[in-house]
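Listed here are the chains, written in short residue letters.
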Amino acid sequence: MTVNDFERTLGDLAAALGDPTRRGIYVTARESADPVAAGQIAEAFGIHPNVARHHLDRLVEDGYLTVSERRPRGGGAGRPAKAYEATDKAISVSSPARRYDLLAELLVRMVERLAPERAVEAAEQVGREYGRELASQIGLPEEEGFAEAVRAVTRAMAGVGFGISTDADERRLLTRHCPFGAAAVEHPEVVCRIDQGIVRGLLEAAGVDGDPVVVNPHAESDRACVTEV
C-alpha cells in the first residue's frame, strides 16, 4: 500500500465510520447473525427510522453493508422490510503508527509492571471515568428506568467499537467483539475491569444504581464476554 493509498483509505474510513452512531450501527449489523432493518436499528439506537435508513444506506454506498435478500428476524406478513448485512470489506488499516492492538497490549503490560497490586483497581477506575466522559459527550436518558438505561449503555459502547447486545430481563450485557483485541484475551483480569468500569460509569451517568460484574471474561477471542448488571 502506498502512502497515497493509505491516506485515501483513512479518509474513506473517517467519512463512513467517523460518526459514532453510524459506527455503532455498522458494528451492530456486522455482529448480527441475521440481517437488520431500519426499524430495528431505530429502536436500538433511539433514532427516527428515516435517520436509521440514512445511516444504513450510506454504509451501503461505502461498501460496508449490502442490501440482503434474507428477511430480518421477526419480520411479519406482507411486504418484507429492506434488510442489510455486513460485507467482507475490511475496516482495519495496517500502519506502524496505528497499531492500536499493540498499544493496548503494551499499556496493559506497563500497568501490571508499575503497580501490579493495584492494576485491577486502577483499570476499573480508568474505565469508570471514561464511561462518565463518554456519557457527557453523547448524552444519556435519565429517569427512564433500568431497561432503557441498559439499552443506552449498549448504544454508547457500540459507538466506540464494542460488539455488544443486551438482555435487560436477565440484567446481562453480551460483548462479542472487544475493541481491545488480543489484549483482552491475554490480560482479561485487567482489560475486562476496564470494560466493567465503563459500564459502571455509563450507568451512573444515566442515574441508575448498578453493580456491573464481568462473570465470563474473554478467555478466547470467539467467546462472548458476559457482564451482569
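Read on for a plain summary of the structure. (Residues numbered from 1 in each chain as written. Predicted model: local features only at pLDDT ≥ 70, side-chain atom pairs only at ≥ 80, totals over all residues. Heavy atoms only, no water.)

### What to know about the packing of helix 7 (residues 146-159) against helix 9 (residues 188-205)
Helix packing geometry: the angle between the two helix axes and the distance between the axes.
No. 1: In the contact formed by helix 7 and helix 9, the axes pass within 10 Å of each other and the chain directions differ by 130°. By the angle between their axes, helix 7 is oblique relative to helix 9. For the pair helix 7 and helix 9, the sense of crossing is right-handed. Seen from helix 7, the contacting residues are Val-153, Ala-156 and Met-157; seen from helix 9, they are Asp-195, Ile-198, Val-199, Leu-202 and Leu-203.
No. 2: A per-class count over the contact of helix 7 with helix 9 returns seven nonpolar, no polar and one charged. (Axes fitted to C-alpha atoms, helices over the stretch in contact; angles between N-to-C directions. Helix = DSSP H or I, 4+ residues; strand = E, 2+ residues; numbered from the N terminus. Parallel < 35°, antiparallel > 145°, perpendicular 65-115°, else oblique. Left-handed = near helix turned anticlockwise from the far one by under 90°. Contact = heavy atoms within 4.5 Å. Nonpolar A, V, L, I, M, F, W, Y, C, P; charged D, E, K, R; others polar.)

### Focus: the layout of surface pockets
No. 1: In this structure, the second largest pocket encloses a volume near 760 Å³.
No. 2: Along the walls of the second largest pocket sit 23 residues, with Thr-28, Ser-32, Gln-40, Ala-44 and Ser-165 positioned nearest its centre.
No. 3: For the lining of the second largest pocket, the elements supplying multiple residues, two or more each, are helix 2 (20-31), helix 3 (38-45), helix 7 and strand 4 (163-167).
No. 4: Per-element tally for the lining of the second largest pocket: the top contributor is helix 3, with five residues.
No. 5: In terms of residue class, the lining of the second largest pocket is built from nine nonpolar, seven polar and seven charged. (1 Å grid on protein atoms, 1.4 Å probe; cavity = no way out; pocket = protein on both sides within 12 Å on 5 of 7 lines; lining within 4 Å. Points joined across faces, edges and corners; volume = space filled by probe spheres on them.)

### Some details on empty space enclosed by the protein
No. 1: Following the criterion strictly, the structure yields one cavity of 30 Å³ or more and no others.
No. 2: Here the largest cavity defines a volume of roughly 30 Å³.
No. 3: Contributions of two or more residues to the lining of the largest cavity are made by strand 5 (172-177) and helix 9.
No. 4: For the lining of the largest cavity, the class distribution of residues is four nonpolar, two polar and one charged.

### Section: the environment of Gly-46
No. 1: As for its placement among the helices and strands, Gly-46 is situated in the loop between helix 3 and helix 4 (49-61).
No. 2: With a relative accessible area of 58%, Gly-46 lands in the exposed category.
No. 3: Remark: the alpha-carbon pair of Gly-46 and Ala-152, spanning 106 residues in sequence, is separated by 8.4 Å. (Buried < 20%, exposed > 50% of the residue type's maximum accessible area, 1.4 Å probe, protein only.)

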